[in-house]
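# Observations on chain architecture
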Amino acid sequence: MPENEIIQPPKINADVDRRKLLRNGLSLGALTLLTGCDISDDDIVQQMFARVSRWNNFVQEELFSRSKLAPEYPESMAVKNFRYNAWYQAPLAPVIEASTYKLELAGLIADKRPWNMRQLYGLPQRSQVTRHVCVEGWSMIGKWTGTPLKTFLTLVGADLTAKYVGFVCADGYYESIDMPTALQPQTIMAFKLSDNILPTKYGFPFKIRIPTKLGFKQPKFVTAIYVTNRNPGGFWVDRGYNWFSGI
Ligand SMILES: Nc1nc2c(c(=O)[nH]1)N[C@H]1C(S)=C(S)[C@@H](COP(=O)(O)O)O[C@H]1N2
Ligand SMILES: [Mo]
């Protein structure tokens, strides 16, 4: 089946509501599945989903580049007892030793010297109260405090014209985001939740908090950050979830 028959992207109309457009993007794929394909052929179905997902990445990146900030809420709305989530139960969360911890840097970064906890916690910080949305169907408002990822990337001389920022975690998890999202001022290296140093299960020593993306795009227990022009994928993305996953 020729590629251009599978998805006929609608023209992007700047005025169109982004959710409506995303919905149309999805139903377009579903429609093609129902009408144009032999759905008994798993390969083709898989390829189709991959194409729909790539198309969704493209639409979302286009819209994100002109989109606004995520809403911030009054502090009184922040939940104190935040919900935990990961691909395993909380007692199995990796315990990171603060005195020996090092954040490794790699890829298109000029100064790749690793950072220890003292250096990280010495960075300028700000607080923000935003909503975390998990793809599993729950959301919660929390207060996170930390350093804009942009501040950090600038300090270490990262190539800010590169396409992706990738993250490696202590629990085998990994994620990556587009550079515009990495530079968005609300994307932070979060050291605190509800004014307390991040407890182990919430990602000590820090979590990348991104209020414009779904929960699974926000790696905890980060041990390495790298900058690259090749899309590094992610733990759930490589298991079929959409890579951009904006909210
Ligand atoms: N290292 C790591 N980061 C992760 C995950 C994980 O399993 N491992 N799960 C993700 C998912 S699906 C969600 S919803 C949030 C949950 O973060 P919380 O425990 O602070 O609520 O972390 C994200 N980051
Ligand atoms: Mo999630």
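Attention here is on the structure that accompanies the text. (Residues numbered from 1 in each chain as written. Chains lettered and ligands numbered in written order. Predicted model: local features only at pLDDT ≥ 70, side-chain atom pairs only at ≥ 80, totals over all residues. Heavy atoms only, no water.)

### Comments concerning the site of ligand 1
Stated precisely, the cut-off is as follows: Near is defined per residue: the residue qualifies when any heavy atom it owns lies within 4 Å of the molecule or strand. Whenever a nitrogen or oxygen atom comes within 3.5 Å of another N or O atom, the pair is scored as a polar contact, on the condition that within protein one atom can donate a hydrogen and the other can accept it, and that pairs from neighbouring residues in sequence are kept only if both atoms are in side chains. The Shrake-Rupley method, run with a 1.4 Å probe, gives the accessible areas here. Residue values count only the displayed protein chains as cover. Basically, the charged four are Asp, Glu, Lys and Arg, the nonpolar ten are Ala, Val, Leu, Ile, Met, Phe, Trp, Tyr, Cys and Pro, and anything else, Gly included, counts as polar.
The full set close to ligand 1 counts 20 residues, and Arg83, Trp87, Asp171, Gln218 and Lys220 are the nearest of them. Contact distances for ligand 1 include 2.6 Å between an oxygen atom and a backbone N or O atom of Arg83. Between ligand 1 and Trp87, the relevant distance is 3.1 Å, taken from an oxygen atom to a main-chain nitrogen or oxygen of the residue. In isolation ligand 1 offers 530 Å² of accessible surface; the protein chains occlude 99% of this area. When grouped by side-chain class, the residues that make up the shell around ligand 1 number 12 nonpolar, four polar and four charged.

### Digging into the packing of aromatic side chains
The test is simple: Any two of the Phe, Tyr and Trp rings considered here, Trp counted by its six-membered ring, make a pair once their centres fall within 6.5 Å; the pair's planes then place it as stacked at under 30 degrees, edge-to-face at over 60, or tilted in between. The helix count covers DSSP runs of H or I at least four residues long, the strand count covers runs of E at least two residues long, and both are numbered beginning at the N terminus. Classification of residues uses two cut-offs on accessible area relative to the type maximum, computed with a 1.4 Å probe and protein chains only: under 20% is buried, over 50% is exposed, and between them is partly exposed. A positively charged side chain is recorded as over a ring if its NZ (Lys) or CZ (Arg) lies within 6 Å of the ring centre. The angle to the ring normal must also be within 35 degrees.
Evaluation of the coordinates by the stated rule reveals 15 aromatic pairs. Ring centres 5.4 Å apart and planes at 55 degrees place the aromatic pair Phe216 and Tyr241 in the tilted group. Of the two residues, Phe216 is situated in the loop between strand S8 (207-209) and strand S9 (222-228) and Tyr241 in the segment after S9; the sequence distance between them amounts to 25 residues. Residue Phe216 is classed as buried on the basis of its relative accessible area, which comes to 8%. Exposure remark for Tyr241: the relative accessible area of 35% places this residue in the partly exposed category. Taken together, the aromatic side chains of Trp87, Tyr88, Tyr173, Tyr174, Phe216, Phe235, Trp236 and Tyr241 make up a single cluster linked through ring pairs. The side chain of Arg209 reaches across the aromatic face of Trp144, ending 4.1 Å from its centre. Taking the ring centre of Phe244 as reference, the NZ or CZ of Lys213 above it sits at 3.4 Å.

### Focus on the environment of Asn196
Here Asn196 is to be found in strand S7 (residues 196-197). Judged by relative accessible area, Asn196 falls into the partly exposed class, the value being 49%. C-alpha of Asn196 to C-alpha of Lys143: the two residues are 53 residues apart in sequence and 9.9 Å apart in space.

### Quick word on unusual backbone geometry
Between Phe204 and Pro205 the backbone carries a cis peptide bond, its omega angle lying at 10 degrees. The topology assignment puts Pro205 in the loop between S7 and S8. With phi around 50 degrees, Phe221 is a residue other than glycine that occupies positive phi space. Locating Phe221 in the fold gives a position in the loop between S8 and S9. The phi dihedral of Ser245 falls on the positive side, at around 45 degrees, and the residue is not glycine. Position of Ser245 among the secondary structure elements: in the segment after S9.

### A few points about the pairing of strand S3 (residues 138-148)
Rules: When DSSP finds two or more bridges between a pair of strands, those strands are recorded as paired.
Where burial is concerned, most of S3 is hidden: 10 out of the 11 residues are buried. Bridge analysis of strand S2 (residues 126-134) against S3 gives nine bridges, and the strand direction is antiparallel. From the neighbouring strand, His132 faces S3, where its bridge partner is Met140. The turn joining S2 and S3, which pair antiparallel and follow one another in sequence, is formed by three residues; a positive phi near 105 degrees is taken by Gly137.

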